[in-house]
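# Commentary on secondary and tertiary structure
The primary structure of each chain is shown beneath.
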Amino acid sequence: MAEPTKICPYSLPDLKNTSDDAVAAYLKTKSFSQSHTLTDVRLSISTAACLIAGATFYLDYTQGFEKTKTFTLYACVAYFTLNTALTIWLYFFESSTIYVGKHKTAPVSLTISSKVTKHDPTYRLKILQSQVLDGKKVMRIRDVEGPFMNWIDDKGFFVKKPFETWLGASIPWILENEDVPKELDSEVVTASGRKVQDEMTGVEVGSGKGSLRRKGKKV
Amino acid sequence: MLAALSAYQPRQLLAQVLNFGLILSTAFMMWKSLSLVTNSPSPIVVVLSGSMEPAFQRGDLLFLWNRGADTQVGEIVVFNIQGKSIPIVHRALRKHVSRPSAKQSKSRAYPPLKLLTKGDNNAQDDVVLYTPGQHYIDREKEVIGSVKAYVPFVGYVTILLSEHPMVKTVVLGIMGLFVILQRE
């Protein structure tokens, strides 16, 4: 993107949508490929319903009411059936899911749903991670939340680093296998007792274990 | 605004357009369903002239029902003259029931019923309004329904919109823009 995204920082839907999009963008950089099946089903049901309505409108406009009565009857029944199907689909299957995807090489898949309650500027994520550990399928669930103001400033600009740090630390697979740049806090102390942030102000360090795990060494 | 649009990926843009389309489609299909239930091409009409005063004023909303083969004298019917698009709301003054011919029995739902109409506030009956040579209107072919209920004054907005058609286009355009640019 040429210029940084700017949104209205007081609008909860805007905040939620920007963060949802950023989740997908971040996971793409971490070699996860997004599966669009959920969205595609919803789009195809909606398109079919709109096409039926469009066809009814066109036929009624060109041929008049009497001639098209039978077609209109079937079209209305079909339309409202599709509409009900769409509502059921949205309520039960898609609900608040914002991301479904799996890693390109490793056997890890993620399903993430987000929620925002009214008048509360906190972003709540429910992360479902399913991976194959030692031949067994393991499902891990994380419920994380973070205030929007951690990654969206008061002018409405979206700041990537704090968001990606928070998100990376929330997803178990990324936390364990990647070098997540961690913001230094006061608890980090070196062996000789010196506080790390005094020595290296503003430098980001990772857990360091990612590279070892990738080489297959025990950590 | 174009920058906001270009920030959308194709799926999101399609989802937004479909959202707008679904709103329009649902409204249209509900209208069509009402049309089917009442058997009338236009189940809700607005009174456009003052020919039925003091019963109906200009701008009243009328609800029609078109499944009555047994229209009585004194019922208020809405009809279109062949070739003219404006619906006329007048009272039935006289009726004739003819014996249907063989061809008519096949093409009609009930024996041909002919009505002579007159507006309450008019001096003459409607023969001057019918096509030249026509003395009665056909209940099945020209009448789009008889009035079952009405709401006063609500339809005045439609009259304003039809007399200034640009307003309708502008309002619809602004609505569409808002729905597409807002993701809620």
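Residues numbered from 1 in each chain as written. Chains lettered and ligands numbered in written order. Predicted model: local features only at pLDDT ≥ 70, side-chain atom pairs only at ≥ 80, totals over all residues. Heavy atoms only, no water.

This part takes up the overall build of chain B. Helices and strands together make up the secondary structure of chain B, namely five helices and seven strands. When its helices and strands are written in sequence order, chain B yields α-α-β-β-β-β-α-β-β-β-α-α. Each principal axis of the C-alpha atoms in chain B carries an extent, and together these give about 70 × 40 × 30 Å. In chain B, the proportion of contacts linking residues at least 24 apart, taken out of those at least 6 apart, comes to 60%. Summed over its atoms, the accessible surface of chain B is roughly 10,600 Å², and 65% of this surface lies on carbon and sulfur atoms. (Helix = DSSP H or I, 4+ residues; strand = E, 2+ residues; numbered from the N terminus. Contact = heavy atoms within 4.5 Å. Areas by Shrake-Rupley, 256 points an atom, 1.4 Å probe, with all protein chains shown as cover.)

On to the sheet that holds strand β3 (residues 108-115) of chain A. Residue and element names in this part refer to chain A. If you walk across this open sheet you meet the five strands as β1-β2-β3-β4-β5, and the pairing is antiparallel. Looking at strand neighbours, the two that pair on one side only are β1 (32-34) and β5 (136-147), the edges of this open sheet. In this sheet, neighbouring strand axes are inclined to one another by 25° on average, regardless of whether the strands run parallel or antiparallel. (Pairing = 2+ DSSP bridges. Axes fitted to C-alpha atoms, helices over the stretch in contact; angles between N-to-C directions.)

Residues and elements named next belong to chain B. With respect to topology, seven strands assemble into an open sheet ordered β1-β2-β7-β3-β4-β5-β6, the strand pairing being antiparallel. Pairing within the sheet leaves two strands with one partner each, and these edge strands are β1 (44-46) and β6 (137-138). Two strands pair when backbone bridges link them, and strand β2 (residues 61-65) and strand β7 (residues 143-151) are joined in this way by five bridges, in the antiparallel orientation. Note that in β7 the partner of L64 across the bridge is V147.

Look at helix α3 (residues 69-94) of chain A: 36 Å from first C-alpha to last across 26 residues, which is about the 38 Å you get at 1.5 Å a residue. Of all the positions in α3 of chain A, only T72, A75, C76, Y79, N83, L86, W89 and E94 of chain A are classed as buried. Next to the buried residues of α3 of chain A lie α2 (37-63) and β2 (97-103) of chain A together with α2 (10-38) of chain B. Of the residues flanking the end of α3 of chain A, it is S95 of chain A, one or two places downstream, whose phi is positive at about 25°. (Expected span 1.5 Å × (residues − 1). Buried < 20%, exposed > 50% of the residue type's maximum accessible area, 1.4 Å probe, protein only.)

Turning our attention to the nonpolar core. Formed by 29 residues in total, the largest nonpolar core has its most connected members in V23, L27, I112, Y123, L125 and F163 of chain A. Residue assignment for this core shows that the elements contributing at least two residues are α1 (12-29), β2, β3, β4 (122-133), α4 (160-170) and α5 (172-177) of chain A. Here this core gets seven residues from one element, more than from any other, and that element is α1 of chain A. F163 of chain A has contacts with S19, A22, V23, Y123, W151 and F158 of chain A, leaving out every residue within four places of it along the chain. Judged by nonpolar contacts, the second largest core, of 15 residues, contains L43, A53 and A75 of chain A together with A15 of chain B. (Core = buried A, V, L, I, M, F, W, Y, C linked by side-chain atoms within 4.5 Å.)

In this section: the packing of α2 of chain B against helix α5 (residues 165-181) of chain B. Residues and elements named next belong to chain B. Running from N to C, α2 and α5 cross one another at 135°; their axes reach a closest spacing of 9 Å. Compared by their axis directions, α2 and α5 come out oblique. Crossing handedness for the pair α2 and α5: right-handed. Seen from α2, the contacting residues are Q16, V17 and F20; seen from α5, they are L172, M175, G176, V179 and I180. (Parallel < 35°, antiparallel > 145°, perpendicular 65-115°, else oblique. Left-handed = near helix turned anticlockwise from the far one by under 90°.)

Okay, the layout of surface pockets next. Residues and elements named next belong to chain B. Roughly 1,500 Å³ of volume is contained in the second largest pocket. Lining the second largest pocket are 42 residues, and of these W31, P41, S42, I44 and V45 sit closest to its centre. When contributions to the lining of the second largest pocket are tallied by element, the ones reaching two or more residues are α2, β1, β7, α4 (156-163) and α5. When residues in the lining of the second largest pocket are grouped by element, the largest group, five residues, is from α2. Looking at the lining of the second largest pocket, its residues break down into 23 nonpolar, ten polar and nine charged. (1 Å grid on protein atoms, 1.4 Å probe; cavity = no way out; pocket = protein on both sides within 12 Å on 5 of 7 lines; lining within 4 Å. Points joined across faces, edges and corners; volume = space filled by probe spheres on them. Nonpolar A, V, L, I, M, F, W, Y, C, P; charged D, E, K, R; others polar.)

All right, on to the UniProt feature "transmembrane region" (unreviewed entry) in chain A then. Following the UniProt record, the feature "transmembrane region" (unreviewed entry) maps to residues 41-59 and 71-92 of chain A here. Secondary structure over residues 71-92 of chain A splits into 100% helix and 0% strand, and the C-alpha atoms at its two ends are 31 Å apart. (UniProt positions renumbered as here; feature names shortened; annotations may be inferred.)

Before going further, it helps to spend a moment on the interface of chain B and chain A. Taken together, the contact between chain B and chain A spans 21 residues of the former and 27 residues of the latter. Around 2,100 Å² of area is buried between chain B and chain A when both sides are counted, 70% of it from carbon and sulfur atoms. Seen at the junction of chain B and chain A, the total is two salt bridges. Between R11 of chain B and D40 of chain A there is a salt bridge; the shortest N-O distance is 2.8 Å. Remark: the boundary between chain B and chain A carries five residue pairs in polar contact (both at pLDDT 80 or more). Across the side of chain B that touches chain A, the residue classes break down as nine nonpolar, eight polar and four charged. (Buried area = accessible area lost by both parts, 1.4 Å probe. Salt bridge = Lys/Arg side-chain N within 4 Å of Asp/Glu carboxyl O. Polar contact = N/O pair within 3.5 Å; in protein donor to acceptor, adjacent residues only side chain to side chain.)

Below, the discussion takes up the packing of aromatic side chains. Summed over the entire model, instances satisfying the criterion amount to 15 aromatic pairs over all chains. Seen from their ring centres, F56 of chain B and Y150 of chain B are 5.1 Å apart, and the 65° between their planes marks the pair as edge-to-face. Here F56 of chain B, found in the loop between β1 and β2, pairs with Y150 of chain B, found in strand β7; they are 94 residues apart in sequence, far enough to count as distant. Here the aromatic residues Y123, F148, W151, F158, F163 and W166 of chain A are joined through ring pairs into a cluster of three or more. (Phe/Tyr/Trp six-rings, centres within 6.5 Å; stacked < 30°, edge-to-face > 60°.)

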